[in-house]
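For reference, the chains in residue letters:
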Amino acid sequence: MTKFIVVASSKGGVGKTTTAINLGTALTIFGRDVIVVDCNLSTPNVSLYLGAASVPITLHDVLNRGKKITDALYMHSHGLKIIPASTSMKDRREIDYEKLQRVIKELSGTCDFVIIDSSAGLNDEAINAIKMGDEILVVSTPELPAISDALRTMKLAKDHNKKVSGVILTRAYDDELELSKKDVEAILETKVIGIIPEDETMREAVKMKNPVTHTHPNAPSSLGYKKLAAELIGEKYVESKEKEESTADSFLKRLGLK
Ligand SMILES: Nc1ncnc2c1ncn2[C@@H]1O[C@H](COP(=O)(O)OP(=O)(O)O)[C@@H](O)[C@H]1O
Ligand SMILES: [Mg+2]
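The structure displayed is predicted, hence computed values, not measured ones.

Visitor: Please provide a residue-by-residue account of the site of ligand 1, values included.
Guide: Close to ligand 1 lie 16 residues; Gly15, Lys16, Thr17, Thr18 and Met202 are nearest. Secondary-structure elements contributing two or more residues to the shell around ligand 1 are α1 (16–29), β7 (164–172) and α8 (201–207). No other element matches α1, which puts 3 residues into the shell around ligand 1.

Visitor: Run through the packing of helix α4 (residues 97–105) against helix α5 (residues 124–131), naming residues and quoting values.
Guide: If you want to describe how two helices pack, look at the angle between their axes and the distance between the axes. Packing of α4 against α5 leaves a shortest axis separation of 10 Å and a crossing angle of 30°. The orientation of α4 relative to α5 falls into the category roughly parallel. At the point where α4 passes α5, the crossing takes the right-handed sense. Residue-level inspection shows Tyr97, Leu100 and Gln101 of α4 in contact with α5, the latter providing Asp124, Asn128 and Lys131.

Visitor: Tell me about unusual backbone geometry, residues and numbers included.
Guide: Phi is positive for His78, close to 65°, though the residue is something other than glycine. The residue His78 is located in the loop between β3 (74–75) and β4 (81–83) in this model. The exposure class assigned to His78 is exposed, which follows from the 12 C-beta atoms found within 10 Å. Phi at Lys209 takes a positive value of approximately 55°, unusual for a residue other than glycine. Tracing the sequence through the fold places Lys209 in the loop between α8 and α9 (212–215). Lys209 gets classed as partly exposed once you count the C-beta atoms within 10 Å, which come to 15.

Visitor: Now, about the nonpolar core: what can you tell me, with residues and values included?
Guide: Counting residues in each nonpolar core, the largest one holds 63 residues, and the members touching the most others are Val6, Val7, Val36, Val37, Ile115, Ile116 and Val138. For this core, the element with the highest residue contribution is α1, accounting for 6 residues.

Here is what the cut-offs are and how they apply
Residues numbered from 1 in each chain as written. Chains lettered and ligands numbered in written order. Predicted model: local features only at pLDDT ≥ 70, side-chain atom pairs only at ≥ 80, totals over all residues. Near = placed C-beta within 6 Å. Helix = DSSP H or I, 4+ residues; strand = E, 2+ residues; numbered from the N terminus. Axes fitted to C-alpha atoms, helices over the stretch in contact; angles between N-to-C directions. Parallel < 35°, antiparallel > 145°, perpendicular 65-115°, else oblique. Left-handed = near helix turned anticlockwise from the far one by under 90°. Contact = placed C-beta atoms within 7 Å. Buried ≥ 20, exposed ≤ 12 C-beta atoms within 10 Å, placed from the backbone. Core = buried A, V, L, I, M, F, W, Y, C linked by C-beta atoms within 7 Å.

This is the structure we're talking about:
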């Protein structure tokens, strides 16, 4: 059965798109079939992060030019599938949201997960993304202004009878200047299911136009996304620690000789 996951937050710049593509890639690494759909139709970014800005058919062509949703589906490197939106200003026009809902639903049964990247704000675009979700994941940085916007998104989801299944804290420094996981859970009354550290390598991945989970699989952010993906599919996650110590050391430790 296909699960539709919406990555949401009314605040821009908190890591929604980064989460959509990296959670998608991590799930793909774990053998799941995943499609990331760019439902941020006004300011789409998915294709730009993935070096696929000039694909011939986009979600806008499906909505406006009678193309099929499968015509706008592309296989990105290492198995992640994407449905990009058009980055051209020429495609800016009123969205037929009923049609959007209908064409995205057609993906049901074609993969394990459809991950929907959504726009900032509390407008029709954000609402319609939320309406497509079986699960809503709210993304926020661990700072009060972002958490306050996360709260608004959660209220919006509730107003549309959608359950927020978890909060993902991104760009976390894990220091005393930011809100703790406990604080966030108390304010939002929802479980934090993933913490993604602030990670300098993210900039390199953006420059390389590929997910960090692919370009730097052992970077702190990549490990965070893999842990989150494991949590979502209900598997225990184990990191290969051997890399950090010599084979001889880890062997002796395992035998209880060190
Ligand atoms: N864990 C992270 N560490 C460092 N930079 C990050 C991290 N997550 C996201 N970013 C950066 O934050 C910026 C905003 O991310 P983006 O995913 O586009 O946010 P949104 O989709 O919510 O607007 C981008 O420059 C992205 O590379
Ligand atoms: Mg975005």
